[in-house]
Amino acid sequence: MTDAVTAEGRGALQLYDTRAQQLRVFTPLDPGNVTVYVCGPTVQSGPHIGHLRGALAFDILRRWLTQRHGRVTFVRNVTDIDDKVLANATDSEPWWALAYRVEREFAAAYAAIGILPPTYEPRATGSIPQMIALIDQLISAGHAYAAEPGSDAAGDVYFDVRSWTAYGELTRQSIDDMAPAVDADPRGKRDVRDFALWKGAKPDEPGDATWDSPWGRGRPGWHIECSAMARRYLGDQFDIHGGGLDLRFPHHENELAQSSAAGDGFARYWVHNGLVTVEGQKMSKSLGNFVLARDVLDEHDPLVVRYALAAAHYRSNLDLSPKSFDEAEAALDRIRTFLERVGRHGDYGRFSYGNDAFAAAMDDDLGVPQALAVVHERVREGNTALDAGDTETARALAGEVATLTGILGLNPLDPQWASSSGAEAPALDALLQELIEQRARARAEKDWAAADRIRDAIAAAGVTLEDGPDGTHWSIA
């Protein structure tokens, strides 16, 4: 871990800027209101675990920015009109119905693992006039052109990549090395790398998936949607643009080019999260290892899923396996057991993190693994204090642990996770309390064999008993 020692002083937040390809001290346009735009889902099918990992990375970034600056305007869009949405629509479920249903699936999956709702969540179909205005501006500036009337591509409008000399700056590619853009009929393009800003209506596409424009009825291209929505909700320039590593090219490269060509300052920092692999292989439907979010959430506690996805650095590729969730569950159990132990000795207060090791880790490009290491060190120190009868120190450390895990959305005793333990929790507690009472009676009657049998049966079920001056308490081993 490196210290952010800059002209601004020690303790500055540093983020890896993909465009600069280096760590940069983060200085927002307005220190009292950080502005963030994150590419949200294209709602053609339900979310997979990679979608959750990406959304969580920026949820944690948002939480830390809020901790530092107090206010974050966070925009995450929904792409509800796109080639893939139209392709997946059926006669029984039109494109707009499919998009809404899948949008709700994403919202439910995000909420399940504690991802905060965005400040604004615009749908692409709600900003068509702004997209048309931006396209018209690019044409007037000489950076876009319409296909010839009467041609097979009539109604299409393309961005002229060779008119913008900085094209390729985000991914550091030369135009001649780029693959052709495959988002529209190449016969209407001046250069095969030119990308579609507007797509003319096609006979085989539904009529209600088109809008009037100066170039005829049609619909927007994918890239112009985000540029227009970012401008509408955050202005010509904003602080951070985020998304998955797979969006750098062509999507983010094209966003940057068209917005810059229109005269916008656009994003000052570009932040990208790594992808998800499954047991060493890239997640892919063709490989049969495509992990849907609903399957993971059916099999694991949502808080465990959140911890497993957060435990690796956000820029690294995350390799998921059953072991990932087992380790996350064990880590959360250690935190939960400690907080519950201390809670039996009274309430513990909140802790101001100040500029300690946790803050230093988070300021170093969101070093969540190092921040969690600080949390677990405090848990070990707190348990040692409890074992020594030093409840005052233990309570202070518990307050620290509760605060730090709360910042990450990982406090297992937070009320938001109460339902994630399942409806069986009260029944389990009642059953164990009855067994604990039976064991207590056996011990009072000096029936040590019976007391030992009960304790061994409880231990065999994976439950640990802790005898203390205030009674016996149980926890999952």
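Just above, that's the structure.
Keep in mind that what you see is a predicted model, and the values were worked out from it rather than measured.

### Brief notes about the overall build of the protein
The helix and strand inventory of the protein stands at 14 helices and 15 strands. With the C-alpha coordinates of the protein rotated into their principal frame, the extents come out at 100 × 60 × 35 Å. With 477 residues in all, the protein has 50% of them scored as buried. Here the analysis covers contacts within the protein between residues at least 6 apart in sequence; of these, 74% occur between residues at least 24 apart. Carbon and sulfur atoms provide 50% of the accessible area of the protein, an area that totals close to 21400 Å². Between the mean site of the 47 positive side-chain charges and the mean site of the 70 negative ones, the protein shows a separation of 2 Å.

### A word on the pattern of salt bridges
Proximity of charged atoms lets side chains of opposite charge pair with each other. On inspection of all chains with the given rule, the structure shows 31 salt bridges. For Arg378, the salt bridge is made with Glu400, and the minimal N-O distance between the two is 2.5 Å. Residue Arg378 is located in helix 11 (residues 368-387), and its partner Glu400 is located in helix 12 (residues 391-407); the two are separated by 22 residues in the primary sequence. Through salt bridges with shared partners, one network takes in Asp83, Lys199, Glu205 and Arg219.

### Details of the packing of helix 1 (residues 49-69) against helix 8 (residues 302-310)
To characterise two packed helices, one gives the angle between the axes of the helices and the distance between these axes. Running from N to C, helix 1 and helix 8 point in directions that differ by 80°, and their axes come no closer than 10 Å. Judged by the inter-axis angle, helix 1 sits roughly perpendicular to helix 8. For the pair formed by helix 1 and helix 8, the contact residues are Ile49, Leu52, Arg53, Leu56, Asp59, Ile60 and Arg63 on the first element and Val305, Arg306, Leu309 and Ala310 on the second. Of the residues assigned to the contact of helix 1 with helix 8, the class counts are seven nonpolar, no polar and four charged.

### What about helix 11?
Count 3.6 residues to each turn of an α-helix, and residues three or four apart come out pointing the same way. End to end, helix 11 covers 29 Å across 20 residues, agreeing with the expected 28 Å (1.5 Å per residue, within 8%). Contacts made by the buried residues of helix 11 are with helix 1, helix 8, helix 9 (322-343), helix 10 (357-363) and helix 12. Downstream of helix 11 by a residue or two, Gly389 has a phi angle that is positive, lying close to 80°.

### Considerations on the sheet that holds strand 11 (residues 276-278)
Strand order in this open sheet of three strands is 12-11-13, and the pairing throughout is mixed. With one partner strand each, in any of the chains shown, strand 12 (281-282) and strand 13 (318-320) form the two edges of the open sheet. By the bridge criterion, two bridges tie strand 11 to strand 12 in an arrangement that is antiparallel. Note that in strand 12 the partner of Thr277 across the bridge is Lys282.

### Here we look at the pairing of strand 4 (residues 72-76)
Summarising burial for strand 4: five of the five residues are buried, a large majority. Side chains Val72, Phe74 and Arg76 of strand 4 all project onto a buried face; the interleaved residues Thr73 and Val75 project onto the opposite face, where all are buried too. Pairing of strand 3 (residues 34-38) with strand 4 involves five bridges; the strand directions are parallel. Pairing of Val38 across the sheet is with Arg76, part of strand 4.

### Examining the packing of aromatic side chains
As enumerated under the stated definition, the model contains 12 aromatic pairs in all. Measuring from ring centre to ring centre gives 6.4 Å for Trp95 and Trp211, while their planes differ by 70°; the resulting arrangement is edge-to-face. With Trp95 in helix 3 (residues 95-112) and Trp211 in the loop between strand 7 (195-200) and strand 8 (218-220), this residue pair connects regions lying 116 residues apart in the sequence. Using a relative accessible area of 8% as the deciding quantity, one classes Trp95 as buried. Residues Tyr120 and Tyr233 carry aromatic rings whose centres are separated by 5.5 Å and whose planes lie at 40° to one another, so their mutual orientation is tilted. Linking Tyr120 in the loop between helix 3 and helix 4 (128-140) with Tyr233 in helix 5 (residues 222-234), this pair joins segments that are 113 residues apart in sequence. Taking the relative accessible area as the measure of exposure, Tyr120 reaches 39% and is therefore partly exposed. Of the aromatic side chains, those joined through ring pairs into one cluster are Tyr37, Phe238, Phe266 and Trp270.

Conventions adopted
Residue numbering note: each chain is counted from 1, following its sequence as written. For a predicted model such as this one, the threshold for reporting local features is a pLDDT of at least 70, and the threshold for listing and counting side-chain atom pairs is 80 or more; totals across whole chains, interfaces and linings nevertheless cover every residue. No hydrogens and no water enter the side-chain calculation; it runs on all heavy atoms of the structure. Secondary structure elements are taken from DSSP: a helix is a run of H or I of four residues or more, a strand is a run of E of two residues or more, and numbering for both begins at the N terminus. For the exposure calls, accessible area comes from a 1.4 Å probe over protein chains only, and a residue counts as buried if that area is under 20% of its type's maximum, exposed if over 50%, partly exposed in between. Contact criterion: two residues are considered in contact whenever any of their non-hydrogen atoms come within 4.5 Å of each other. Only the protein chains shown count as cover for residues, and the accessible areas themselves come from Shrake-Rupley with a 1.4 Å probe. When charges are counted, Lys and Arg contribute as positive and Asp and Glu as negative, whereas His and the chain ends are disregarded. For the purpose of locating charges, the reference atoms are NZ of Lys, CZ of Arg, CG of Asp and CD of Glu. Within this document, salt bridges are pairs made up of a side-chain nitrogen of Lys or Arg and a carboxyl oxygen of Asp or Glu, the two lying within 4 Å of each other. Every axis corresponds to a line fitted to the C-alpha atoms, with the helix fit spanning only the stretch in contact, and the corresponding angles, defined between N-to-C directions, vary from 0 to 180 degrees. Should an angle lie under 35 degrees it is considered roughly parallel, over 145 roughly antiparallel, and from 65 to 115 roughly perpendicular; all remaining angles are considered oblique. Gly counts as polar in this scheme, as do all residues outside two lists: the nonpolar Ala, Val, Leu, Ile, Met, Phe, Trp, Tyr, Cys and Pro, and the charged Asp, Glu, Lys and Arg. One less than the residue count of a helix, multiplied by 1.5 Å, gives the span that helix is expected to have. Strand pairing is defined by DSSP finding a minimum of two bridges between the two strands. Any two of the Phe, Tyr and Trp rings considered here, Trp counted by its six-membered ring, make a pair once their centres fall within 6.5 Å; the pair's planes then place it as stacked at under 30 degrees, edge-to-face at over 60, or tilted in between.

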